[in-house]
Amino acid sequence: MNTFKPSLVVLFLLFALLANSCKTGAPVNDGADTMAEKMVARMTLDEKIGQMSQLFDGYFGDYEQFKQAIREGRFGSLLNYLGADKVNEAQRIAVEESRLGIPLLIGRDVIHGYRTIFPIPLGMAASWNPEAVKAAFRIAAAEASTQGINWAFAPMIDITWDPRWGRIAEGCGEDPYLASTLAYAMVEGLQGDSLTDPASVAACAKHYAGYGFAEAGRDYNTTYIAEPVLRNVVLKPFKAAKDAGALTFMSGFNELNGIPVSADQFILKQILRDEWGFEGLVISDWASVPQIVDQGYAVDEKDAAAKAINAGLDMEMATTTYFDNIKTLLDEKKITMEQIDNAVKNILRVKYKLGLFENPYVDPEAEKKILDPSFLEHARMVARQSTVMLKNDSNTLPLFADKISSVAVIGPLADSPRDQMGTWSFDGLPENSVTPLEAIRDMIGDRKVNYVQGLKYSRDRTKDQFSAAMAAADRSDAILLFIGEEWILSGEGQSRGNIDLPGAQSELLTALAATGKPLVVIIMAGRPLAIGDELKESDALLYAWHGGTMAGPALADLIFGKESPSGKLPVTFVKGEGQIPFYYYRKNTGRPASDRTWTPIDEIPVENPQSSLGYESFHLDYGYTPLLPFGYGLSYTTFTYSDLTLSDDEMSITGSITVKATVTNGGEWDADEIVQLYIRDRVGSITRPIKELKGYRRITIPKGETAEVEFTLAAADLAFFNGRETLTEPGEFDLWVGPNSDEGLHAEFIVR
Ligand code: BGC
């Protein structure tokens, strides 16, 4: 009898195969290359060009023409085409009626949830909770995939230093380390443990690269980024997304240092492919290929297509410069068939890894899972953890429902279901949002809530409801004022030159403060606003971003003390636009300012001599500090840091040290603290920032208890790009462990 006895080699291979396919988010490579190779060999040029085109619903006016285009392999991907039955039918035509049976990629912007809307990504970043963020993206993928979507244009991981930029809402803020950890988590969430899981979708790291550095924070504007900033800051989250296994990248709209990134060989080829070894597919942003002409980098669309293809941009979104020009470009030898084949292989591999060749269909029954109570509960939890308490004088918060007779709920954002979802929530439905007003009524009872809208929307300047609002405040124990920005004031194309609270909201706040009632301000906005005056006038302030579907219950939980606020700022808050850019990892300058040197503008004596003001780095009006530092956020309890110890105060250039600190919860609340580790490299071959985040932990500490937090800091974590190479340099370092970028216990160490 012939019995099968696996040899050691076979066993090893099996094990290696399993280990590989079990890696989180790691693409299953087996077969993809072979399939792509074989398929490309069978394809006509027209079919190849089709694969390189992504078109949108509506491009083909008539459904018959649309179906015929699928049969002909006219496009390889669709965006914004949704619905299980619709997509299944499109996939059926692609697979059964086109010559080669290649399935379609179906792309959609699933930026912070599909139907269950989570806080805007900037809000999620304030949770400093990669596990929770990963689970949120897993839910987004699970919901979106039921509609036939197999490709999310997320995560958006553009670092920005500019709160005027409307798209600050979509990213993770200013810090490369925090953004990298979250980018990794977001990719893991979207792609799941297995790419062929029906609830997994391909991730798309965007907008590669530098888009968040738009001059003046004006969307689509030019960017200039010196290579050390590019590599030490901007590219970090993209590298993390690549390392997490992101199957696709999207090039940005922007030009970078004079070259539109959609045609930039340095960005798309040298860094992404040659240095990082990315094997996935790169798609343009919407019409970013023809825009190369407007940018003045190509004479016409044909030239733009040539430049994009030469840079390695595989697929064009929404426009047809590839479709219209590839044949001529080949004839003119401006591009090669090898480039076309490579692009098509990159696309086919993604389809293969997603399992679409095996099963391109989705189960129409799956959509019953949408808005599952567990999804909503997670959205509520994330919204709670994303909210940052910026002030709480005299323990104004929490309010105790059993001790108050009534509260005044006021403001244009108190009951605005659409606004609380924020930007990029195409598929969220306002009717699913639970607003703060509803949640508060639900929590403390209708009778205890005196509601006046005050202003109809955030930009409203009419004050005819002010007296009613003040009257409501007068008859209540406390005021809950919900103000901020409507959703349409942030997001793509929604940049603001002035980042104050819009409309008459500040005046409403001032009027309510004058009543003398405890004033709790809740700001729901898509960006960090300049709220210096409002912060002074309020007794307590919660910064809630746009918190999504469950923003209301999450805020009610915090306001009424079901849980303590625990979010921390993922971005520096400026006093006014004149301070921009202002980020915590700025350089020291040769003339750093301090309280000793800064004379506020109003205190300068008339006719003072020039040298009387000193020559240091500050603004006469703003001074030298931001309104609030990166990493800042308060709790209902008090955390005390002590016992910072380093396993060694010397580290070899290849070694690491262990850093420990003790955090004590000395208050009356069980609560989470986000413990942050920063370093400063005192001297470098190029100057180094005054602080850099190198680690953080969100930990729960019961009241009265103490926790020990431990970090491993490796010399490799201290590496930076100095204009020529990336390396860790020996020398002296500072280290802090603390509650934000401005405070903390200090130690020193040396790298040898
Ligand atoms: C945005 C992208 C988005 C694409 C598709 C563009 O305008 O910049 O972020 O993925 O549209 O909707």
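Counting from 1, residues in each chain are numbered in the order their sequence is written. This being a predicted model, a pLDDT of at least 70 is required before a residue's local features are given, and a value of 80 or more before pairs of side-chain atoms are given or counted; all residues contribute to the totals for chains, interfaces and linings. The side-chain numbers reported here are obtained from all heavy atoms of the structure, hydrogens and water having been left aside.

Enquirer: How do you make sense of the environment of lysine 391 when you look at a structure like this?
Expert: Mapped onto the elements, lysine 391 comes out in strand β11 (residues 388-392). Along the chain, lysine 391 and tyrosine 543 lie 152 residues apart, while their C-alpha atoms are 9.6 Å from each other. The residues contacting lysine 391, other than those within four sequence positions of it, are Leu535, Lys536, Ser538, Asp539, Ala540, Leu541 and Leu634. Counting of polar contacts relies on pairs of N or O atoms within 3.5 Å, with two restrictions inside protein: one atom must be capable of donating a hydrogen and the other of accepting it, and residues adjacent in sequence are counted only when both atoms are side-chain atoms. There is a polar contact of 3.1 Å between the side chain of lysine 391 and the backbone oxygen of lysine 536. Strands are runs of DSSP state E lasting at least two residues, helices are runs of H or I lasting at least four, and both sets are numbered from the N terminus onward. Any two residues whose heavy atoms approach within 4.5 Å at even a single point are treated as in contact.

Enquirer: Please explain the site of the ligand as it appears in this structure.
Expert: For the ligand, the full set of nearby residues is Leu79, Asp109, Phe153, Arg167, Lys206, His207, Met250, Phe253, Asp285, Trp286, Met317 and Glu492. A distance of 2.7 Å separates an oxygen atom of the ligand from a polar atom in the side chain of arginine 167. Between an oxygen atom of the ligand and a side-chain N or O atom of glutamate 492, the distance comes to 2.7 Å. Computed on the free molecule, the ligand has an accessible area of 310 Å², of which 93% lies beneath the protein chains in the complex. Residue composition of the shell around the ligand, by class: six nonpolar, one polar and five charged. Throughout, the term near means that a residue has one or more heavy atoms lying within 4 Å of the molecule or strand in question. For every accessible area listed, the method is Shrake-Rupley and the probe measures 1.4 Å; residues are considered covered only by the protein chains on display. Each residue gets one of three labels, nonpolar for Ala, Val, Leu, Ile, Met, Phe, Trp, Tyr, Cys and Pro, charged for Asp, Glu, Lys and Arg, and polar for the others, Gly among them.

Enquirer: How should I be thinking about the pairing of strand β14 (residues 478-484) in this particular structure?
Expert: The side chains of a regular strand alternate between both faces of the sheet. Where burial is concerned, most of β14 is hidden: seven out of the seven residues are buried. In this scheme, a residue with accessible area under 20% of its type's maximum is buried, one over 50% is exposed, and one in between is partly exposed, where area comes from a 1.4 Å probe on protein chains only. Of the two faces of β14, the one carrying Ala478, Leu480, Phe482 and Gly484 and the one carrying Ile479, Leu481 and Ile483 are both buried. One requirement defines pairing of two strands: DSSP has to find at least two bridges between them. Judged from the four bridges that link them, strand β12 (residues 407-410) and β14 form a sheet pairing that is parallel. Each residue of the ladder has a partner; that of valine 407, found in β14, is alanine 478. In the sheet, β14 pairs with strand β15 (residues 519-524) via six bridges, with the strands oriented parallel. Its bridge partner lying in β15, leucine 481 is registered against valine 521. The definition of a right-handed crossover adopted here requires that, viewed with the strands pointing away, the path from the first strand over the helix to the second runs clockwise. In the classification by handedness, the crossover that spans β14, the intervening helix α19 (residues 505-513) and the parallel β15 is right-handed.

Enquirer: What exactly am I supposed to notice about the sheet that holds strand β6 (residues 248-251) here?
Expert: Within a sheet, adjacent strands bond to each other through the backbone by hydrogen bonds, running parallel or antiparallel. The three strands lie next to each other as β5-β6-β9, forming an open sheet whose pairing is parallel. Edge positions in the sheet fall to β5 (204-208) and β9 (281-283), since each of these pairs with one other strand and no more. Direction aside, the axes of adjacent strands within the sheet are offset by 25° on average. Here three bridges tie β6 to β9, and the two strands are oriented parallel to one another. Within the sheet, the bridge partner assigned to phenylalanine 249 lies in β9 and is valine 282. For helices, the fitted axis covers only the stretch in contact; all axes are lines through C-alpha atoms, and the angles between them, taken along N-to-C directions, range from 0 to 180 degrees. Relative to the sheet, helix α10 (residues 236-243) contacts β5 and β6, its axis offset from that of β5 by approximately 160°.

Enquirer: What is the right way to read the sheet that holds strand β1 (residues 53-56) from this model?
Expert: The parallel open sheet is built from five strands, whose spatial order is β4-β3-β2-β1-β10. This sheet does not close on itself; its edge strands, each paired only once, are β4 (151-152) and β10 (316-317).

Enquirer: Where do I start with the pattern of salt bridges in this structure?
Expert: Should the charged atoms of two oppositely charged side chains come close, the side chains can pair. Salt bridge criterion: a side-chain nitrogen from Lys or Arg within 4 Å of a carboxyl oxygen from Asp or Glu. The tally for this structure, following the rule as stated, stands at 44 salt bridges. Two residues, glutamate 96 and arginine 92, come together in a salt bridge whose shortest N-O distance is 3.4 Å. Within this pair, glutamate 96 and its partner arginine 92 are both found in helix α5 (residues 84-97), separated by four residues, close to a single helical turn. Relative accessible area serves as the criterion here: at 55%, glutamate 96 is assigned to the exposed category.

Enquirer: For this particular structure, what's the right way to read unusual backbone geometry?
Expert: Leave glycine aside and you will find that most residues have negative phi; peptide bonds, for their part, are mostly trans. Between lysine 206 and the following residue, histidine 207, the backbone shows a cis peptide bond with an omega angle of 0°. Of note, the bond from isoleucine 580 into proline 581 is cis; its omega dihedral lies within 30 degrees of zero at -5°. Mapping proline 581 onto the fold places it in the loop between α21 (551-559) and β17 (639-646). In this structure, leucine 371 is a non-glycine residue whose phi angle is positive, near 60°.

Enquirer: Before we go on, may I ask you to explain α19 in this structure?
Expert: Those residues of α19 that sit buried are Gln505, Leu508, Leu509, Ala511 and Leu512. Projected down its long axis, α19 shows its buried positions confined to an angular sector of 165°, all on one face. Residues of α19 that are buried sit in contact with β12, α18 (466-474), β14, β15 and α20 (532-537). This arc is taken over the directions from the axis of the helix to the C-beta atoms.

Enquirer: It is not clear to me how the pairing of strand β25 (residues 731-740) should be interpreted in this structure. Could you clarify?
Expert: Within β25, eight of the ten residues are buried, which leaves it mostly tucked inside the rest of the structure. Of the strand pairs in this sheet, strand β20 (residues 671-681) and β25 are connected by six bridges, and their pairing is antiparallel. Residue pairing for β25: leucine 677 is matched across the bridge by valine 737. With eight bridges joining them, β25 and strand β26 (residues 743-751) adopt antiparallel strand pairing. Within β26, the residue paired with leucine 735 across the bridge is alanine 747. The turn linking β25 back onto β26 is made up of two residues.

Enquirer: Is there a simple way to think about the domain arrangement of the chain in this case?
Expert: As a measure of interface size, the accessible area lost when the parts come together is often cited. Domain ranges listed in this record stem from an automatic or a database domain assignment. Here the domain parsing of the chain yields domain 1 (8-40 + 107-354), domain 2 (387-559), domain 3 (593-623) and domain 4 (639-751). Tallying the contact residues gives 28 residues for domain 1 and 30 residues for domain 2. Simply put, the buried area is the total loss of 1.4 Å probe accessible area from both parts when two parts are fitted together. Carbon and sulfur atoms supply 57% of the area buried between domain 1 and domain 2, which totals about 2,200 Å² over both sides. Put simply, aspartate 427 and arginine 108 hold a salt bridge, and the shortest N to O gap is 2.8 Å.

Enquirer: I tried to follow the packing of aromatic side chains on my own but got confused; where do I start?
Expert: Here the distance between the centres and the angle between the planes together describe a pair of aromatic rings. When the centres of two rings from Phe, Tyr and Trp lie within 6.5 Å, Trp using its six-membered ring, the rings pair. Their planes under 30 degrees apart give stacked, over 60 give edge-to-face, and anything left gives tilted. If you walk through the whole model with that rule in mind, you get 35 aromatic pairs. Centre to centre, the rings of tryptophan 161 and phenylalanine 213 are 4.6 Å apart; their planes meet at 55°, and the pair counts as tilted. Here the residue tryptophan 161 occupies a position in the loop between β4 and α8 (176-191), and phenylalanine 213 occupies one in the loop between β5 and α9 (227-234), the gap between them amounting to 52 residues. Exposure remark for phenylalanine 213: the relative accessible area of 14% places this residue in the buried category. Ring geometry for tyrosine 584 and phenylalanine 630: centres 4.5 Å apart, planes at 15°, overall stacked. Taken together, the residues span a long stretch of sequence, with tyrosine 584 in the loop between α21 and β17 and phenylalanine 630 in the loop between α21 and β17 at a distance of 46 residues. Here tyrosine 584 falls in the buried class, since its relative accessible area comes to 4%.

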